[in-house]
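Residue-level listing of the chains:
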Amino acid sequence: MLHTLCDLIDGLTRGADGPAIVAAGADTWSRARLHDHVRRLAAGLAASGAQPDQVIGLLGPSSPEWVAALLAIVRSGALAMPLNEQMADEELGRVVEHSGARTFLTTAAFAARTPAFERVDELVLLEDEVPGELERAGVRSWRTLLREDAAGLPELSADRPALLLYTSGTTGTPKGVPLTHGNLCANLRALEAA
């Protein structure tokens, strides 16, 4: 039974050779590969200072790396804030300010064109290398965070916030809505039952 997203992540070890992510035009990630990346990145985030309930933003196109990053942020104990890649720069700036996010996982394309990222302390690129134009303090590849030893990750409870989602703002300024592990697992259990 799913009580926290940790149960979902740990459950990836069952049927480990089975597909977890099938991306259009890209390779298929097995359940074991996704589990390995999530645990190693979560350990790296924790080792680099991710704190419980710290907001860590995620902005990028759908990809296997995006999925691994989202789950890793949550598994590290931080509060994942996935944002719509079509969000206007002005709106993104307001969300960054309001959320207090000081770390973002993103792509080089977004890092290069997003003025709001000038206000954050750390950009982790969901790419293997940092392009020359982005080489500066506080910018690194997600691969530099991967750790072999994932021991010491926090135990998380169902009432612990997992995600900070921002409303679309169709009737006003977007609002931040936290969702707990319990909220998300209730939805997953309902989908599983259906």
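The rules behind each value
Residues numbered from 1 in each chain as written. Predicted model: local features only at pLDDT ≥ 70, side-chain atom pairs only at ≥ 80, totals over all residues. Heavy atoms only, no water. Helix = DSSP H or I, 4+ residues; strand = E, 2+ residues; numbered from the N terminus. Buried < 20%, exposed > 50% of the residue type's maximum accessible area, 1.4 Å probe, protein only. Expected span 1.5 Å × (residues − 1). Arc of directions from axis to C-beta. Contact = heavy atoms within 4.5 Å. Core = buried A, V, L, I, M, F, W, Y, C linked by side-chain atoms within 4.5 Å. Pairing = 2+ DSSP bridges. Right-handed = clockwise from strand over helix to strand, strands pointing away. Polar contact = N/O pair within 3.5 Å; in protein donor to acceptor, adjacent residues only side chain to side chain.

Some points on the environment of Glu192
Examined against the element boundaries, Glu192 turns out to sit in helix H6 (residues 181-193). Glu192 gets classed as exposed once you look at its relative accessible area, which sits at 66%. In this structure, the C-alpha to C-alpha distance between Glu192 and Arg39, residues 153 residues apart in sequence, is 24 Å.

Thoughts on H6
The first and last C-alpha atoms of H6 sit 18 Å apart over 13 residues, in line with the 18 Å expected at 1.5 Å per residue. Within H6 the residues assigned to the buried category are His181, Leu184 and Cys185. Summarising the axial view, the buried residues of H6 lie within an arc of 95°, below the 170-degree limit, and thus occupy one face. Away from the buried face of H6 by more than 90 degrees, exposed residues Asn187 and Ala193 are located. Contacts from the buried residues of H6 go to helix H1 (5-10), helix H3 (64-75), strand E8 (161-166) and strand E9 (176-180).

Side note on the side chain of Thr107
For Thr107, the position within the fold is in the loop between strand E5 (103-106) and helix H5 (108-113). The exposure class of Thr107 is buried, given its relative accessible area of 13%. Leaving out residues up to four positions away in the same chain, Thr107 has contacts with Leu59, Gly60, Pro61, Leu125 and Glu127.

Points about the nonpolar core
Ranked by internal contacts, the top residues of the largest apolar core, which has 36 residues, are Leu34, Leu41, Ile73 and Leu105. The set of elements that each furnish at least two residues to this core consists of H1, helix H2 (31-47), strand E3 (55-59), H3, E8 and H6. By residue number, the principal contributor to this core is H3, which donates 7 residues. Setting aside residues no more than four positions away along its own chain, Leu34 makes contact with Leu12, Ala20, Ile21, Trp29, Val67, Ala68 and Leu71. With 24 residues, the next largest nonpolar core counts Val55, Ala101, Ala116 and Leu123 among its residues.

Observations regarding the pairing of strand E6 (residues 122-125)
Neither face of E6 is open: one carries Glu122 and Val124, the other Leu123 and Leu125, and all of them are buried. The sheet contact formed by E5 and E6 spans 4 bridges and is parallel. Bridged to Thr106 within E6 is Leu125. Viewed along the sheet, the connection from E5 through H5 into E6 turns out right-handed. Taken together, the 3 bridges between E6 and strand E7 (residues 139-141) define a ladder with parallel strand orientation. Across the sheet, the residue bridging to Leu125 is Ser141, located in E7.

Some thoughts on the side chain of Ser76
Inspection of the secondary structure assignment puts Ser76 in the loop between H3 and strand E4 (79-83). Under the relative-accessibility criterion, Ser76 is labelled buried at 4%. For Ser76, the side chain forms a polar contact with the main-chain oxygen of Ile73, separated by 2.7 Å. If sequence neighbours within four positions are ignored, Ser76 has contacts with Ala42, Leu45, Ala46, Ala50, Leu153 and Pro154.

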